[in-house]
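# Secondary and tertiary structure notes
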Amino acid sequence: MAENKDEVVVIGGGLVGSLAACLLAKRGYKVQLYEKRKDIRKNTLHTGKSINLALSNRARRALKIVDLEEDVLASTVHMKGRYIHEISGNDYFLPYDPVHKQNLYSINRNRLNSLLLTASEDKFNAEIFFEYELVNADLKKGILRFRNLQSHEIIEKTSKLIIGADGAHSSLRNVIQQQQRFSFSQKYIEHGYVELIIKPNKGKLLDMNAFHLWPRRTFLMIAIPNPDSSFTVTLFMSFDKFEKLHNSKLYLEFFEENFPDAINLLGINQIIEELPLKKPRYLVSIYCYPYHFEDKFVLIGDAAHAMVPFYGQGMNAGFEDCTILNQLLDLYNDDFAKVIENFTKVRNEDARSICDLAMYNYKEMSNYTLNKSFRLRKSLDEFLYSFMPDIWIPLYVSVTFSDMKYTKCIENKQWQDNIIRRMLWIVAFAKEHLHKDLNFWELIVSRDKAKFNMIGNDRIPYVRRPPLQELNTPYIQKTVGHGGSWISVWS
Ligand code: FAD
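Residues numbered from 1 in each chain as written. Predicted model: local features only at pLDDT ≥ 70, side-chain atom pairs only at ≥ 80, totals over all residues.

### So, the overall build of the protein
- Across its full length, the protein carries 20 helices and 21 strands.
- Taken across its 491 residues, the protein has 40% of its residues classed as buried.
- Once local pairs closer than 6 in sequence are excluded, the contacts in the protein between residues at least 24 apart make up 72%. (Helix = DSSP H or I, 4+ residues; strand = E, 2+ residues; numbered from the N terminus. Buried ≥ 20, exposed ≤ 12 C-beta atoms within 10 Å, placed from the backbone. Contact = placed C-beta atoms within 7 Å.)

### Notes on helix α12 (residues 314-331)
- The end-to-end C-alpha distance of α12 is 26 Å, a good match for the 26 Å that 18 residues give at a rise of 1.5 Å each.
- The buried count for α12 comes to 16 of 18 residues, which makes it a mostly enclosed element.
- At the exit of α12 stands N333, carrying a positive phi of roughly 45°. (Expected span 1.5 Å × (residues − 1).)

### Brief notes about unusual backbone geometry
- In the segment running from Y289 into P290, the intervening peptide bond is cis, with an omega of -5°.
- Structurally, P290 can be placed in the loop between β17 (281-289) and β18 (292-293).
- At H152, a position not held by glycine, the phi torsion is positive, near 65°.
- Relative to the elements of secondary structure, H152 occurs in the loop between β10 (143-148) and β11 (154-158).
- We note that R181 has phi near 60°; this positive angle belongs to a residue other than glycine.
- With respect to the helices, strands and loops of the structure, R181 is situated in the loop between α5 (171-177) and β13 (183-198).

### Notes on the site of the ligand
- Taken together, 32 residues surround the ligand, and among them G12, G14, G167, G301 and G314 come closest.
- Elements supplying a minimum of two residues to the shell around the ligand: α1 (15-26), β2 (30-35), β3 (52-55), β9 (132-138), α11 (302-305) and α12.
- Sort the elements by how many residues they give to the shell around the ligand and α12 lands first, with 4 residues.
- A class-by-class count of the residues in the shell around the ligand yields 12 nonpolar, 13 polar and 7 charged. (Near = placed C-beta within 6 Å. Nonpolar A, V, L, I, M, F, W, Y, C, P; charged D, E, K, R; others polar.)

### Describing the confidence of the model for the protein
- The share of residues in the protein with pLDDT of 70 or more is 86%, and the mean pLDDT across the chain is 87.
- Predicted confidence is poor over residues 440-491, with pLDDT under 50, and the contacts of this stretch with residues over four places away or in other chains come to 58 contacts.
- Note on the complex model: pTM 0.88, ipTM 0.99. (pLDDT = per-residue confidence, 0-100.)

### Points about the packing of α1 against helix α4 (residues 109-123)
- Axis separation between α1 and α4 bottoms out at 9 Å; the angle between their running directions is 25°. Relative to α4, the element α1 lies roughly parallel. The two elements α1 and α4 cross, and the hand of that crossing is left-handed. Residues L15, S18, L19, A21, C22 and A25 of α1 form the contact with α4, whose own contacting residues are L112, N113, L116, L117, A119 and S120.
- Taken together, the residues that form the contact of α1 with α4 break down as 9 nonpolar, 3 polar and no charged. (Axes fitted to C-alpha atoms, helices over the stretch in contact; angles between N-to-C directions. Parallel < 35°, antiparallel > 145°, perpendicular 65-115°, else oblique. Left-handed = near helix turned anticlockwise from the far one by under 90°.)

### Points about the sheet that holds β9
- Taken together, the 3 strands give an open sheet; going across it, the order is β9-β10-β11, and neighbouring strands pair in antiparallel fashion. Taken across any chain shown, the strands that pair with only one partner, and hence form the sheet edges, are β9 and β11. Neighbour-to-neighbour, the strand axes of the sheet open up by a mean angle of 30°, direction not taken into account.
- Where β10 lies against β11, 5 bridges are found, and the strand directions are antiparallel. Within β11, the position partnered with I143 by the bridge is T158. (Pairing = 2+ DSSP bridges.)

### Some thoughts on the nonpolar core
- If you look at the biggest cluster of nonpolar residues, it comprises 122 residues, and the most contacted ones within it are V10, L19, A20 and I163.
- Here this core gets 11 residues from one element, more than from any other, and that element is helix α13 (residues 336-366).
- Residues contacting V10, with those up to four places away along its chain left out, are G17, A20, A21, V31, L33, I163 and A165. (Core = buried A, V, L, I, M, F, W, Y, C linked by C-beta atoms within 7 Å.)

### A word on the pairing of strand β8 (residues 127-130)
- Of the two faces of β8, the one holding I128 and F130 is buried and the one holding E127 and F129 is not buried anywhere.
- Direction of pairing for β2 relative to β8: parallel, over a ladder of 4 bridges. When the sheet's bridge partners are listed, L33 is paired in β8 with I128.

### So, the sheet that holds strand β4 (residues 77-79)
- One open sheet accounts for 3 strands, arranged β3-β7-β4; its pairing is antiparallel. Across the chains shown, the open sheet's two edge strands, defined by having one partner strand only, are β3 and β4. Each strand axis lies, on average, 30° off the axis of its neighbour in the sheet, ignoring direction.
- Relative to strand β7 (residues 104-108), β3 is paired through 4 bridges, and the arrangement is antiparallel. Looking across to β7, one finds that L55 is bridged to Y105.

### Examining the packing of α13 against helix α16 (residues 406-433)
- Between α13 and α16, whose axes approach to 7 Å, the crossing angle comes to 55°. Viewed along their axes, α13 and α16 adopt a mutual orientation that is oblique. Residues E349, D350, S353, I354 and L357 of α13 pack against Y406, T407 and I410 of α16.
- Its residues assigned to classes, the contact of α13 with α16 shows 4 nonpolar, 2 polar and 2 charged.

### A look at the environment of Y406
- Structurally, Y406 can be placed in helix α16.
- Taking the C-beta count within 10 Å as the criterion, Y406 has 24 such neighbours and is therefore assigned buried.
- Note: C-alpha distance between Y406 and N316 (90 residues apart in sequence) is 12 Å.

If you want it as structure tokens, here you go:
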């Protein structure tokens, strides 16, 4: 651990707040963590959100900084890919990373949170105050007001750096929102979710090392493995549809019609007795700007950028926030004002991108995976990826298994889409015109607008991609003080 530095306050002892506490305490700060819930390590109550989470590269990288990667991975089940369960009873497997065989890791939320809380206290000497809720703050004076939920006493606290990691409904963000020039929007999607469980004896009927998916176009069900061979099942569906299924009979008919193979796995009692009593939970996406206020307050994790869970990136992105803060503290020699100002600059657009991608992935998981064209595109991606693993990186691989900026992941995908579109044009053109004695190869290598117009297209904007060496360089170096040059695929 580094020498003692200033006092830092973290609000919220969820996944991101407890990791931030570890990281800052490791840097030598005197960290005080305030959490409104009781200590989850003494209290087995489920917090409400998903029971387990898929952890991937970005989270692993952050855990490595506090030497917790191995401890965390020891509590996980690895998942090699998606197992798709069609309505017909057909199953097929789509690996996440057919080239490098990288995995996702399923972990219990409470287990991960407990591990981080314990590490922050025992390993890094952070102080945790449970059952203290932030109720108010005076931003100009830098004063936070917490209510002790046992005694109802209000205490005041001030500190050089205040980190709001208090989740999607952040109290700190609510206070900052009242300031001028703070932009905020939230979007509740029409879908909600309920969680079910496949018990260990039935879980053994499924592949333990896979993420199971039942896509049904307008709704979907997933199952994620737990170390005891059970699976946590989540049914995502529109609130309208949940409301229509208001009794046991309707739920059973719904399962018979849409998930016949899952009835045996879940057990009929769970479907007719427990499911109708469950209240679906909502899903929200949060966008705000900036992430900091003056030189003292900064929002991270869901407080800054909550997203729908369909890319499995909410926690991963929140952990990556911690990695970036750490890099900025290094870069600016712990000058908080510069660190948090640059945190907004470095992170805001990127976090928006992953929120958008998460929305998109709902369509991919529920709908596109059923389309032949999607599977064809995926096969083509895999084929090109296997031949050019450093050049042709499929979107899912770049988001999940690399630390490429989320915005770059999207640009990279657009670049690939454009190349494929051009290839298709060329094939279509060849079919139509080769026999007409045109110089086909001349067309392929030419940039000449007139020649493209011969096949009935307006000039296609040049497709750009980041230079290859940019793809795997550390996050901050890519972003700070380095504009990056661009190449055209045709050059
Ligand atoms: P939270 O986990 O919400 O923690 C916030 C903490 O702050 C809580 O402990 C809360 O009690 C505390 N708090 C709130 N208000 C106050 C206050 N006023 N004073 C003091 N304390 C306060 N992400 C993934 O990466 N992979 C996945 O597979 C995945 N699956 C998901 C599935 C579902 C169904 C959902 C809903 C989310 C999923 N996510 C996933 C997203 C992930 O759960 C969140 O991104 C992550 O929990 C964010 O962590 P956080 O610490 O920022 O917020």
